Protein chains: 2
Amino acid sequence: MTIHKGIRTGGRSARVQQSIHDAVKDLLASHERSDVTVPMIAQKAGVTPSTIYRRWGDLATLLADVALERFEPDEKLADTGSFHGDVLAYAEQYLDEMGSSLGRSMLRDVTATDDNQCARRCAEMITTRLQVLAERATARNEPYPPIDRVVDIIFAPMVYRILFSEKNPDTDYVRDLVDRCMAENSAG
Amino acid sequence: MTIHKGIRTGGRSARVQQSIHDAVKDLLASHERSDVTVPMIAQKAGVTPSTIYRRWGDLATLLADVALERFEPDEKLADTGSFHGDVLAYAEQYLDEMGSSLGRSMLRDVTATDDNQCARRCAEMITTRLQVLAERATARNEPYPPIDRVVDIIFAPMVYRILFSEKNPDTDYVRDLVDRCMAENSAG
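Residues numbered from 1 in each chain as written. Chains lettered and ligands numbered in written order. Predicted model: local features only at pLDDT ≥ 70, side-chain atom pairs only at ≥ 80, totals over all residues. Heavy atoms only, no water.

Novice: Hey, could you run me through the overall build of chain A in this one?
Specialist: Assigned secondary structure in chain A consists of nine helices and zero strands. Secondary structure elements of chain A, listed N to C terminal, follow the sequence α-α-α-α-α-α-α-α-α. With respect to the three principal axes, the spread of C-alpha positions in chain A is 60 × 40 × 25 Å. Expressed as a percentage of the 188 residues in chain A, the buried residues total 47%. Counting contacts in chain A only where the partners sit at least 6 residues apart, residues at least 24 apart contribute 69% of the total. (Helix = DSSP H or I, 4+ residues; strand = E, 2+ residues; numbered from the N terminus. Buried < 20%, exposed > 50% of the residue type's maximum accessible area, 1.4 Å probe, protein only. Contact = heavy atoms within 4.5 Å.)

Novice: So what exactly am I meant to see when it comes to the nonpolar core here?
Specialist: In a soluble, globular protein the nonpolar side chains are often hidden away together inside. Grouped together as the largest cluster of nonpolar side chains are 90 residues, with contacts concentrated most on I154 of chain A together with I154 of chain B. If sequence neighbours within four positions are ignored, I154 of chain B has contacts with V87, A91, L177, V178 and C181 of chain B. (Core = buried A, V, L, I, M, F, W, Y, C linked by side-chain atoms within 4.5 Å.)

Novice: Please clarify how the environment of V150 of chain B should be interpreted in this entry.
Specialist: Residue and element names in this part refer to chain B. Considering the arrangement of structural elements, one finds V150 in helix 8 (residues 147–164). Its relative accessible area of 0% is what places V150 among the buried residues. Spatially, the C-alpha atoms of V150 and M182 are 8.8 Å apart, while their sequence positions differ by 32 residues. Among residues more than four places away in sequence, those in contact with V150 are F83, V87, L130, P145, F155 and C181.

Novice: Hey, could you run me through the interface of chain A and chain B in this one?
Specialist: By a widespread convention, an interface's size corresponds to the accessible area lost as its parts come together. Contacts between chain A and chain B engage 31 residues on the former and 31 residues on the latter. In total, about 2800 Å² of surface goes out of reach between chain A and chain B, with carbon and sulfur atoms giving 52% of it. Taken as a group, R108, Y160 and F164 of chain A account for 25% of the area that chain A buries against chain B, more than any other trio of residues on that side. Inspection of the chain A/chain B interface yields six salt bridges. Of the charged contacts, one joins R161 of chain A and D152 of chain B as a salt bridge, the two residues approaching to 2.8 Å between their closest N and O atoms. Across the chain A-chain B interface, the total number found is 10 residue pairs in polar contact (both at pLDDT 80 or more). Elements supplying a minimum of two residues to the side of chain A that touches chain B: helix 6 (101–112), helix 7 (117–139), helix 8 (147–164) and helix 9 (171–187) of chain A. With 11 residues, helix 8 of chain A is the largest single contributor of residues to the side of chain A that touches chain B. When its residues are assigned to classes, the side of chain A that touches chain B shows 16 nonpolar, four polar and 11 charged. (Buried area = accessible area lost by both parts, 1.4 Å probe. Salt bridge = Lys/Arg side-chain N within 4 Å of Asp/Glu carboxyl O. Polar contact = N/O pair within 3.5 Å; in protein donor to acceptor, adjacent residues only side chain to side chain. Nonpolar A, V, L, I, M, F, W, Y, C, P; charged D, E, K, R; others polar.)

Novice: Before we go on, may I ask you to explain the relation of the copies chain A and chain B in this structure?
Specialist: Copies of the same chain, two in number, are related to each other by a rotation about an axis and a translation along it. Once turned by 180° and shifted 0.0 Å along the axis, chain A lies on chain B with an RMSD of 0.0 Å. Taken together, the turn and the small shift mark the pair as related by a two-fold rotation axis. Among all residues of chain A, the one whose C-alpha sits closest to the rotation axis is A156 of chain A, at a distance of 2.8 Å. In this assembly the copies share their binding face: 100% of the residues contributing to the interface of chain A also contribute to that of chain B. (Least-squares fit on C-alpha atoms with pLDDT ≥ 70 in both.)

Novice: Would you take a moment to explain the environment of P169 of chain B for this structure?
Specialist: Residues and elements named next belong to chain B. Tracing the backbone through its elements, the reader meets P169 in the loop between helix 8 and helix 9 (171–187). Distance from P169 to M158, taken between C-alpha atoms, is 6.8 Å for residues 11 residues apart in sequence. Aside from chain neighbours lying at most four places away, what touches P169 is L95, M158, R161 and I162.

In structure tokens:
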């Protein structure tokens, strides 16, 4: 299973994209986000601003694309032997990543774009990984809750609290959500 | 009970704030959001850019402040005679408002700011109103779920889907969340 990439590239095009992504990361490391502009990125990447506008449309979409790339899952998900354990491990990992300042600014960047393609890619990161856990559960003949319910009960509240609360949720909070999700499933 | 306002003002200061808010609304009505700048707003409002920076810090915070003002609740919440009915009426109203393109861009603006004061005001809009419904339930000797659980079960999934999904949740979805929230309460 591959993660859907919003912007497909290959060859020279991929190298240009990589140099633009690298330029964005360098600039964000040394500047306030609100001070970074398309002409600055273009100059650093050695391309014209129109190359950037043609490919991404606007700065917000480029920032979101770069942010998403950092969080594309590359490592394996822990196999704990049960859906409950697997979801808990993934939810804790997600909280670690998205509760960091880099994660929070990624969530902000992807919701800030005008079309919501980047936001959907961000949501798909979760559902794609949950699908992997669901396939494992199926192979174990283990019942599991509908993916949409797992998102609503566990991931939506985590994301909501990361974006809107004074402080991040903690591990106890995540454990409680996972327990509730599994309890609803065994009751239903 | 008053809604916490992030930026307190009075007299001349209030008039300046109002003219700046009005300038932002006018400019957003006629320009792409990404084309609106602090100097443009300052010129239209008849103030210096430094007045804006001094009061709001940056453009994102000003946009979020204007966006929040549009959604400060001013009307009464429907009293349906039960907590279940009241929460359902409020949740449907919230979906109507925040699922609109104006609502979605408000949610984006408040999460886009660097400090999360605006995001907290946005979350407080929900908890403050739920508190009003809880006080009514108390006066009726009616049990009700903890406010945090109402947020996690009903409002977090709505906001998550408004921000990250291809299409908005519909009324059936909201009814189902409210039913689940009340079922958990009567089971617990």
